[in-house]
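Structural characterization, general
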Amino acid sequence: MKVKKQLVSAIMLLVMAVFMSACADVDGGIPSISSEGSLGLDITLGSKDDYGDTSSENGKSQQEIVEKTFPEKCKIYKQKTKRFTEDQLLKLFDDNPQRTEESSDGYSYIEYSSDKYTGSIVDGTSLSFYSQTGSHYSVICDSLYANTSEEKYISKDDSLSFESREKTLEVLQSQFKNLFGINPNEWWTKDFFAVKKEGVDFYKEKITEEAAADVENSDESNDEKLQYTFQQLDNIPSEDYYLLNIKFQIDGIPLYMGDGFNYGPGNAYSVLGSFARVVYSKNGIEQLDLYFLAETDTSPDGFQEVTLIDTDKAQELIQNKFSSVILDAQVEVYGMQLIYLPIPQNNLNSRFENYEAKPYYAFYWKESRSYEDKTYTTNYITYFDAVTGSEFGTERC
């Protein structure tokens, strides 16, 4: 059933949209300066101190270019994975859910479900809670934001009629602290969207038209497909709501929030990203996703201060990377950022337990190739140890 697959695929794109934003906006968009490298690579340098929308994708405006600097020193912290509990998850329900549990490859999956909500905890490191409405609202917000012609339905500044933006932020920060021990000063950037109910109506009409066109071009029975689509759309209330994408920080330096990558012998170790997403309506939390959050040891024994490579030296690292190979494509380095990567300190059997948050320079670059009058672009992030200068790895994003 193609229409059903289309709707399910749209929900799956939710997680991809969150992760892909790491490449679309360097740290949510950082004011930057530009300089020319010895190879003519266009390198754009960003600062940890400010953020805004600098993405030029999808027709979004480029923020004013300003010069900023990186710190000379920072700290390497000991970390432990924050473990989510069933008690924390159950406090999000207002009814009596049923519990199921499964395990696979050494990982546990606990799910609670009721008539209104579904919640789950995977291996204690991620927590998810949502209503049917919440999961649809996430997809709608991503769709509206991705298309500039539809941005009149979504705002980063407006408050909604059921509750002000300021009050919503206050409520959510309080709940994060009380439920999960996450303090507001741990939040880094907040992509805080207000979505108007007219945007929900617009999205429902759009999907209806696309489903009808899809069915018309299909050889299969039309009635079943349209009935399923309309049933799904009828379950989406046309209401205002807020959506927040939250990144986290230590000492003003953002934590890695990508979808993770492997490294080490046989790619046996993993670096995982930390982030949260919340959908909030007049009914309260409609969706909450928490992925791989850490408890940072800020005691005197929990960190060591280190001196960082300066910006000029850091630029040489990325220049040398490309000068050592013959380039068969156009390469543009469009962003630089200082971030913390969580580096495992254990054997493989406990790799999701003890970490060090270590500073790395992240260089955002894209490779463009032309084929049959079309240009194809792939985005990457390359990480260099900000203390030693050694290259750590590259991930596609």
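From a predicted model like this one, the values you see are computed outputs, not experimental measurements. (Residues numbered from 1 in each chain as written. Predicted model: local features only at pLDDT ≥ 70, side-chain atom pairs only at ≥ 80, totals over all residues. Heavy atoms only, no water.)

Concerning unusual backbone geometry
Even without a glycine there, the phi angle at Phe292 is positive, about 45°. As for its placement among the helices and strands, Phe292 is situated in the loop between strand S15 (284–291) and strand S16 (294–297). By relative accessible area, which is 6% here, Phe292 ends up buried. Of note in this structure, Glu372 is not a glycine but carries a positive phi near 50°. Within the element layout of this structure, Glu372 appears in the loop between strand S19 (354–371) and strand S20 (374–385). Using a relative accessible area of 60% as the deciding quantity, one classes Glu372 as exposed. (Helix = DSSP H or I, 4+ residues; strand = E, 2+ residues; numbered from the N terminus. Buried < 20%, exposed > 50% of the residue type's maximum accessible area, 1.4 Å probe, protein only.)

Points about helix H7 (residues 311–323)
Its 13 residues give H7 an end-to-end C-alpha distance of 18 Å, which sits within 8% of 18 Å, the value for a rise of 1.5 Å per residue. Inspection of H7 places Ala314, Gln315, Leu317, Ile318, Gln319 and Phe322 among the buried residues, and these make up the whole buried set. Here H7 starts with a cap whose side-chain oxygen sits 3.3 Å from the backbone nitrogen of Asp312, and that cap is Asp310. (Expected span 1.5 Å × (residues − 1). Polar contact = N/O pair within 3.5 Å; in protein donor to acceptor, adjacent residues only side chain to side chain.)

Observations concerning the pairing of strand S3 (residues 73–81)
Bridging between S3 and strand S17 (residues 303–307) involves five bridges; their strand directions are antiparallel. Paired with Lys73 across the strands is Thr307, a residue of S17. Of the strand pairs in this sheet, S3 and S19 are connected by four bridges, and their pairing is antiparallel. For Gln79, the partnering residue across the bridge sits in S19 and is Tyr355. When S3 meets S16, the two strands line up antiparallel, connected through four bridges. Of the residues in S16, the one forming a bridge with Gln79 is Thr296. (Pairing = 2+ DSSP bridges.)

Regarding the pairing of strand S18 (residues 330–344)
Most of S18 is tucked away, with 13 of its 15 residues classed as buried. Judged from the 14 bridges that link them, S18 and S19 form a sheet pairing that is antiparallel. Bridging across to S19, Ile343 finds its partner in Glu356.

Some details on the nonpolar core
Among the nonpolar cores identified, the biggest contains 58 residues, and Leu127, Phe176, Leu288, Leu290 and Tyr361 are the most heavily contacted of them. In terms of residues, this core owes the most to one element, helix H4 (residues 165–180), which gives six residues. Dropping the residues within four chain positions of it, Leu127 is found in contact with Phe84, Leu89, Leu92, Ser120, Ile121, Phe180, Leu288, Asp289 and Leu290. One finds Leu144, Val195, Leu233 and Leu243 within the second-largest nonpolar core, a separate group that totals 17 residues. (Core = buried A, V, L, I, M, F, W, Y, C linked by side-chain atoms within 4.5 Å. Contact = heavy atoms within 4.5 Å.)

Remarks on the side chain of Thr133
Following the sequence through the fold, Thr133 ends up in helix H3 (residues 132–146). Judged by its relative accessible area of 14%, Thr133 is buried. If we skip the residues at most four places from it in the chain, Thr133 touches Asn235, Pro237 and Glu286.

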